[in-house]
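# Overview (structure and organization)
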Amino acid sequence: MIQFLRNNSFSIIYIFFLGIMPLLVSSSISYWIIGHESVVRNLSFHQWILIYAIACITMAFAMTPTTFVALLSGYFLGLASVFPVAAASWLASWLGFTIAKLLDGGKFLDMISQKPKVMTILRNLRKDEFKIILLARLSPVLPFSVTNVVFSFSGTKLKNFLTAGFLGMIPRTCLAIWAGSQAEEVKKLIENPNEGNLTKFLLVSLVGISLFGITYFIRKAIK
């Protein structure tokens, strides 16, 4: 165990970094937006394009959660923001996956390969990797950037990751954008992003489907 931690210390620190950064950065952005809502409402088309280009990077490196970006997009742009948010999320997935692979350099898989039982489970999981990726992306609870890294480290095929990930992101992205479009003021939206019984029910449903499906495939892989 100690050897594993030493050999993968950088990767572990990187995952930890991805876990705490969204809270810090999104809180700062929220504070600024609450005091400058009129400025955001008057942004031009080209300025929004620039914002989504920046969001590709911030989402990839866990500086802004994808749900946070979708909520604010829905509030300021309405349902018309579905395409730019989906495109930015897809590009962020590719960037996060690729950077993680470059940083890890295959060390994680090399370490895992020394444990036959773990490798057997991993090979079994790969048989259903498309479905597992789709289910992981479906859940609003599983951190976007952390799952990028986990799937990258585990040797997931890029094509499956991007395709299944995009399909899995669509329902939660549309839900977040719709919830944002229904908010009356940005402060209330940021403080209570899941306000409304229907939104809460749909969120719980997505999480339930995701966790049930992932648990099923993990149990299947262990057998």
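Structure: above.
Taken as a whole, this structure holds 6 aromatic pairs when the rule is applied. Centre to centre, the rings of Tyr75 and Phe76 are 4.9 Å apart; their planes meet at 90°, and the pair counts as edge-to-face. Neither residue differs from the other here; Tyr75 and Phe76 are each classed as buried. Among the aromatic side chains, those forming a connected cluster through ring pairs are Trp48, Tyr52, Tyr75 and Phe76.

Before going further, it helps to examine the environment of Cys174. Summarising the element assignment, Cys174 is placed in helix H11 (residues 158-182). The sequence separation of Cys174 and Ser81 amounts to 93 residues, and the corresponding C-alpha distance is 9.3 Å.

It is worth spelling out the nonpolar core at this point. If you look at the biggest cluster of nonpolar residues, it comprises 26 residues, and the most contacted ones within it are Tyr52, Met59, Leu72, Phe76 and Val186. Among the elements of the structure, helix H4 (45-60), helix H5 (66-77), helix H6 (82-104), H11 and helix H12 (186-191) are those that each provide at least two residues to this core. Per element, the largest residue contribution to this core is 7 residues, and it comes from H5. If we skip the residues at most four places from it in the chain, Met59 touches Thr64, Thr66, Val69, Ala88, Ser89, Ala92, Phe144 and Ser145.

This part is about the packing of helix H9 (residues 129-138) against H11. Relative orientation of the contacting elements H9 and H11 amounts to 35°, with a least axis distance of 7 Å. For H9 against H11, the interelement crossing comes out right-handed. Along its contact with H9, which presents Glu129, Phe130, Ile133, Leu134, Ala136, Arg137 and Leu138, the element H11 presents Asn160, Phe161, Thr163, Ala164, Gly165, Leu167, Gly168, Met169, Pro171 and Arg172. Across the contact of H9 with H11, the residue classes tally to 10 nonpolar, 4 polar and 3 charged.

On to the side chain of Asp128. Mapped onto the secondary structure, Asp128 falls in the loop between helix H8 (116-126) and H9. By relative accessible area, Asp128 is classed as buried at 11%. Contact partners of Asp128, with chain neighbours within four places excluded, come to Phe217 and Lys220.

Here we come to the packing of H4 against H5. Where H4 meets H5, the closest approach of the two axes is 11 Å, and the angle between their N-to-C directions is 165°. Accordingly, the angle class assigned to the pair H4 and H5 is roughly antiparallel. Pair H4 / H5 crosses with right-handed handedness. For the pair formed by H4 and H5, the contact residues are Trp48, Tyr52 and Met59 on the first element and Thr66, Val69, Ser73, Phe76 and Leu77 on the second. Among the residues making up the contact of H4 with H5, the classes are represented as 6 nonpolar, 2 polar and no charged.

The rules we used
- Residues numbered from 1 in each chain as written.
- Predicted model: local features only at pLDDT ≥ 70, side-chain atom pairs only at ≥ 80, totals over all residues.
- Heavy atoms only, no water.
- Phe/Tyr/Trp six-rings, centres within 6.5 Å; stacked < 30°, edge-to-face > 60°.
- Buried < 20%, exposed > 50% of the residue type's maximum accessible area, 1.4 Å probe, protein only.
- Helix = DSSP H or I, 4+ residues; strand = E, 2+ residues; numbered from the N terminus.
- Core = buried A, V, L, I, M, F, W, Y, C linked by side-chain atoms within 4.5 Å.
- Contact = heavy atoms within 4.5 Å.
- Axes fitted to C-alpha atoms, helices over the stretch in contact; angles between N-to-C directions.
- Left-handed = near helix turned anticlockwise from the far one by under 90°.
- Nonpolar A, V, L, I, M, F, W, Y, C, P; charged D, E, K, R; others polar.
- Parallel < 35°, antiparallel > 145°, perpendicular 65-115°, else oblique.

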